[in-house]
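# Reading the structure
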Amino acid sequence: MNAVGELYNRIENLNLWEKSIVVERNKYLAEYGAVEKKLYYIVSGSLKVCMRDGEEEHIVRFGYQGDFITSLDSFISGKPSDFYIQAIKRTEVKVISKAAYLSFIELNPANRQLWQAMLEQLVLQQLEREKDMLISSPKDRYLRVLKRSPQLFQQIPHKHIASYLRMAPETLSRLKKS
């Protein structure tokens, strides 16, 4: 079992989830500029983590069933987030407060190690994302993401994938056909 699954099971076994909520399609789980005080586990559905540059939306990450998600910049720093989290489709999440979660990871070294492992996975994923964005060829970006995350193309609408890949939807469509 991976770190995410193990963390979920430990929180579940201790009955630390405060509640479950449903976020309807296109509604926000977390708002830009808010201070994030919760960590979420995706029970079903999918979410996108985005930032805005003027009128342009940039998708930086997706969350699927079985993932933890939060505005990590704010969750860690306690400062307002530069990101927002929006439901791509109807999504159910379980919620634990930051205070309860921090108490949980301090309960024993194994919990802290799992949190560390999950953060390390996130850092490595972000480094892969950085590499994707530095590759100038849209085709190469597409092929890297397809190889790394084939489920993305099954679960996420193509217009969102195109935004994530920093290309026009028409470009993505052409690449998929070739």
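Residues numbered from 1 in each chain as written. Predicted model: local features only at pLDDT ≥ 70, side-chain atom pairs only at ≥ 80, totals over all residues. Heavy atoms only, no water.

### Looking at the side chain of Asn-111
Applicable threshold: In this description a helix means any DSSP run of H or I spanning at least four residues, a strand means any run of E spanning at least two, and both kinds are numbered starting from the N terminus. Relative accessibility decides the category of a residue: with a 1.4 Å probe and only protein chains considered, values under 20% of the type maximum give buried, values over 50% give exposed, and everything between is partly exposed. Think of a polar contact as two N or O atoms within 3.5 Å of one another; within protein, one of them needs to be a possible hydrogen donor and the other a possible acceptor, and neighboring residues in sequence only count if both atoms come from side chains. Here, residues are in contact when the closest pair of their heavy atoms is within 4.5 Å.
When you line up the elements, Asn-111 lands in helix H4 (residues 109-134). What makes Asn-111 buried here is its relative accessible area of 2%. Engagement of the side chain of Asn-111 in a polar contact is seen with the side chain of Arg-10, the distance being 2.8 Å. When neighbours within four sequence positions are excluded, Asn-111 is seen to be in contact with Leu-7, Arg-10, Phe-104 and Ile-105.

### Digging into H4
Keep this limit in mind: In this scheme, a helix's expected span is set at 1.5 Å multiplied by one less than its residue total.
Its 26 residues give H4 an end-to-end C-alpha distance of 37 Å, which sits within 8% of 38 Å, the value for a rise of 1.5 Å per residue. Of all the positions in H4, only Asn-111, Leu-114, Trp-115, Met-118, Leu-119, Arg-129 and Asp-132 are classed as buried. Capping of H4 at its N-terminal end is provided by Asn-108; its side-chain oxygen lies 3.0 Å from the backbone amide nitrogen of Ala-110.

### A short note on the packing of helix H1 (residues 3-13) against H4
Defined as follows: Lines fitted to the C-alpha atoms define the axes, with helices restricted to the stretch that makes contact. Angles between their N-to-C directions range from 0 to 180 degrees. To sort the angles, those under 35 degrees are grouped as roughly parallel, those over 145 as roughly antiparallel, those from 65 to 115 as roughly perpendicular, and the leftovers as oblique. Crossing chirality is assigned from the near helix's rotation relative to the far helix, an anticlockwise turn below a right angle marking it left-handed and a clockwise turn marking it right-handed. Gly is placed with the polar residues, together with every amino acid not listed as nonpolar (Ala, Val, Leu, Ile, Met, Phe, Trp, Tyr, Cys and Pro) or charged (Asp, Glu, Lys and Arg).
Direction vectors running N to C along H1 and H4 enclose 140 degrees, while the axes themselves pass 9 Å from each other. Classified by the angle their axes make, H1 and H4 are oblique. Between H1 and H4 lies a crossing of left-handed hand. Where H1 abuts H4, its residues Ala-3, Val-4, Glu-6, Leu-7 and Arg-10 lie against Ala-110, Asn-111, Leu-114, Trp-115, Ala-117, Met-118 and Gln-121. Here the contact of H1 with H4 is composed, by residue class, of eight nonpolar, two polar and two charged.

### Examining a nonpolar patch on the surface
Short version of the rule: Distance thresholds for patches are 9 Å for like charges and 5 Å for nonpolar side chains (Val, Leu, Ile, Met, Phe, Trp, Tyr), applied to residues having over 30% relative accessible area and no salt bridge. Computed with a 1.4 Å probe, the accessible areas rest on the Shrake-Rupley method; for each residue, only the protein chains presented here act as cover. By salt bridge we mean one thing: a side-chain nitrogen of Lys or Arg within 4 Å of a carboxyl oxygen of Asp or Glu.
A cluster of nonpolar side chains, Val-123, Leu-124 and Leu-127, forms an exposed patch at the surface whose accessible area comes to about 290 Å². Relative to the elements of secondary structure, Leu-124 occurs in helix H4.

### Comments concerning the UniProt feature "domain: Cyclic nucleotide-binding" (unreviewed entry) in the chain
What counts, and what does not: UniProt positions are given in the numbering used here, feature names are shortened, and annotations may be inferred rather than shown by experiment.
Sequence positions flagged by UniProt for "domain: Cyclic nucleotide-binding" (unreviewed entry) are, in local numbering, residues 1-105. For residues 1-105, the end-to-end C-alpha separation is 18 Å, with 24% helix and 47% strand making up the annotated structure.

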